[in-house]
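Survey of secondary and tertiary structure
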Number of protein chains: 2
Amino acid sequence: MVRLHELRAGESVVELPSQMDAGLVFIGRIHTPWTDRMECPRQGRLDGPTCRIEVFEPWVAALDGITEYEQIEVLYWLHLSRRDLVLQSPANDGNVHGTFALRTPARPNPIGTSIARLVGIEGAIVTVRGLDCLDGTPLIDIKPERSLFTPIAPPQPGDFEIDDSGSG
Amino acid sequence: MVRLHELRAGESVVELPSQMDAGLVFIGRIHTPWTDRMECPRQGRLDGPTCRIEVFEPWVAALDGITEYEQIEVLYWLHLSRRDLVLQSPANDGNVHGTFALRTPARPNPIGTSIARLVGIEGAIVTVRGLDCLDGTPLIDIKPERSLFTPIAPPQPGDFEIDDSGSG
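None of these values were measured; they are calculated from a predicted model.

Further remarks concern the overall build of chain A. Secondary structure assignment for chain A yields zero helices and ten strands. Overall, chain A is about 50 × 50 × 35 Å in size when its C-alpha atoms are taken along their principal axes. Counting over 168 residues, chain A shows a buried share of 51%. Contacts in chain A between residues far apart in sequence, at least 24 positions, make up 78% of those at least 6 positions apart. Surface exposure of chain A reaches about 7100 Å², of which carbon and sulfur atoms provide 50%. Charged side chains in chain A number 15 positive and 24 negative. The centres of these two groups are separated by 7 Å.

Here you go:
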């Protein structure tokens, strides 16, 4: 079961700070087939249904060149998730796991990251497969998939630094 | 050259909204060998130098179970980056690319994502290789690397949905 708002046996919550340290701007909205959290995939699949990523102005120009990439990384804000859980019981069976050892939406900064297959782009709409989020999820970033991207700028000294321990 | 604050030939900026849509809490701090943006790697490498991820309270308990994963996904806030560029010239040569077709730190929501190799954990300190960020970078999330993670909760209907177009 997807968590709605309940706290489960064995779970541990903390108090969120009252002040935030940085602000996000929603740069678009993601349209998916899933309008109920009880139906969303646990994990997207690259042969999954097409989803449409709508990019808002003034960010549409920033899509220029994205079609060079077969896969993109999509970051989104899991706006319905609770943020105060440090230990969670995904199977609701009394066994708990640390939030950072899970890819659950419930986390202090509820940001989802997915790798999606680019199907096409038309104006402000990027069509993809591979997402797993709820219809209406706010978009926060799009990047080329990391292994497909080669930096355009020249390398810097850190690009050549390797293992400093002699043990690895 | 890494961008410090300059605007380059051909680049395009927009006005950031005055109000943010969501808030982030910094849950830790990343310690790396790079204290100058002119030295950071463009992209981390899994055989790179060890870096230490310091997790702040009350989030340390959320690391429970993380050692099951050889690789983790790390999200951090690129706190020195400008956020208003939609077209950028990474090589500073007059050729521009959309921000979403780059993995540049300068983006509307300057969140970096890296896959790092887990070296070890001791208390609140997670030691990894593979990061590329500046010393002192704020941490915003840690997750198991996606391909290594199997959801613990039972699947939902969306997990079985595939391609709806018939076109592949």
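Glancing now at the sheet that holds strand E3 (residues 28–31) of chain B. Residues and elements named next belong to chain B. Strand order around the closed barrel formed by six strands is E3-E4-E9-E8-E5-E10, with antiparallel pairing between neighbours. The sheet shows a mean angle of 45° between the axes of neighbouring strands, direction not considered. Pairing geometry for strand E4 (residues 50–55) and strand E9 (residues 125–129), over five bridges, is antiparallel. Residue pairing in the sheet places Thr50 in a bridge with Arg129 of E9.

Rotating chain B by 180° and translating it 0.0 Å along the rotation axis places it on chain A, where the RMSD comes to 0.0 Å. Each copy turns onto its partner about a two-fold axis. Closest approach to the rotation axis among the C-alpha atoms of chain B is made by B:Gly23, whose C-alpha sits 2.3 Å away.

Contacts between chain B and chain A engage 88 residues on the former and 87 residues on the latter. For the pair chain B and chain A, the number of links is four salt bridges. Where chain B meets chain A, there are 50 residue pairs in polar contact (both at pLDDT 80 or more). Listed by contribution, the elements that provide at least two residues to the side of chain B that touches chain A are strand E2 (22–24), E4, strand E5 (71–77), strand E6 (85–88), strand E7 (97–98), strand E8 (111–122) and strand E10 (137–144) of chain B.

Turning our eyes to something else, we now look at the sheet that holds strand E1 (residues 12–13) of chain A. All names here are of chain A. The three strands are arranged E1-E6-E7 in an open sheet whose pairing can be described as antiparallel. Edge strands, defined here as strands with exactly one partner in the open sheet, are E1 and strand E7 (97–98). One ladder, built from two bridges, connects E1 with strand E6 (residues 85–88); its direction is antiparallel. Within E6, the position partnered with Val13 by the bridge is Leu85.

Below, the discussion takes up unusual backbone geometry. Residues apart from glycine generally show negative phi values, whereas peptide bonds are mostly found in trans. Residues and elements named next belong to chain A. For the bond running from Glu57 to Pro58, omega is 10°, close enough to zero to count as cis. Tracing the chain through its elements places Pro58 in the loop between strand E4 (50–55) and strand E5 (71–77). At Asn92, a position not held by glycine, the phi torsion is positive, near 55°. Along the polypeptide, Asn92 turns up in the loop between E6 and E7.

Residue and element names in this part refer to chain B. Looking at where Gly120 falls in the secondary structure, it is placed in strand E8. Taking the C-alpha atoms as reference points, Gly120 and Val25, separated by 95 residues in sequence, lie 25 Å from one another. Ignoring any residue separated from it by four or fewer positions in sequence, one finds Gly120 in contact with Ile125, Val126 and Thr127.

On to the pairing of E4(A), then. Residues and elements named next belong to chain A. Because side chains alternate across E4, one face comprises the buried residues Cys51, Ile53 and Val55, and the other comprises Thr50, Arg52 and Glu54, none of which is buried. Sheet analysis places strand E3 (residues 28–31) next to E4, joined by four bridges and oriented antiparallel. Bridging across to E4, Ile30 finds its partner in Ile53.

The next point concerns the environment of B:Gln71. Checked against the element boundaries, B:Gln71 lands in strand E5. Residues contacting B:Gln71, with those up to four places away along its chain left out, are B:Leu46, B:Ile115, B:Ala116, B:Arg117, B:Leu118, B:Pro144, B:Glu145 and B:Leu148.

Residue and element names in this part refer to chain A. What the rule picks out here adds up to two aromatic pairs over all chains. Plain terms: the ring middles of Tyr69 and Phe149 are 6.3 Å apart, the flat faces sit at 50° to each other, and that makes the pair tilted. Placement of the pair is Tyr69 in the loop between E4 and E5 and Phe149 in the segment after strand E10 (137–144), with a sequence separation of 80 residues. Residue classification places Tyr69 among the buried positions, given a relative accessible area of 10%.

Moving on, we come to the pattern of salt bridges. Evaluated as defined, the whole model comprises 16 salt bridges over all chains. A salt bridge links A:Asp141 to B:Arg107; the shortest N-O distance between them is 2.7 Å. With one member in each of two chains, A:Asp141 in strand E10 and B:Arg107 in the loop between E7 and E8 form a pair that bridges those chains. The exposure class of A:Asp141 is buried, given its relative accessible area of 0%.

What counts as what
Residues numbered from 1 in each chain as written. Chains lettered and ligands numbered in written order. Predicted model: local features only at pLDDT ≥ 70, side-chain atom pairs only at ≥ 80, totals over all residues. Heavy atoms only, no water. Helix = DSSP H or I, 4+ residues; strand = E, 2+ residues; numbered from the N terminus. Buried < 20%, exposed > 50% of the residue type's maximum accessible area, 1.4 Å probe, protein only. Contact = heavy atoms within 4.5 Å. Areas by Shrake-Rupley, 256 points an atom, 1.4 Å probe, with all protein chains shown as cover. Lys, Arg positive; Asp, Glu negative; His and termini not counted. Charge placed at Lys NZ, Arg CZ, Asp CG, Glu CD. Pairing = 2+ DSSP bridges. Axes fitted to C-alpha atoms, helices over the stretch in contact; angles between N-to-C directions. Least-squares fit on C-alpha atoms with pLDDT ≥ 70 in both. Salt bridge = Lys/Arg side-chain N within 4 Å of Asp/Glu carboxyl O. Polar contact = N/O pair within 3.5 Å; in protein donor to acceptor, adjacent residues only side chain to side chain. Phe/Tyr/Trp six-rings, centres within 6.5 Å; stacked < 30°, edge-to-face > 60°.

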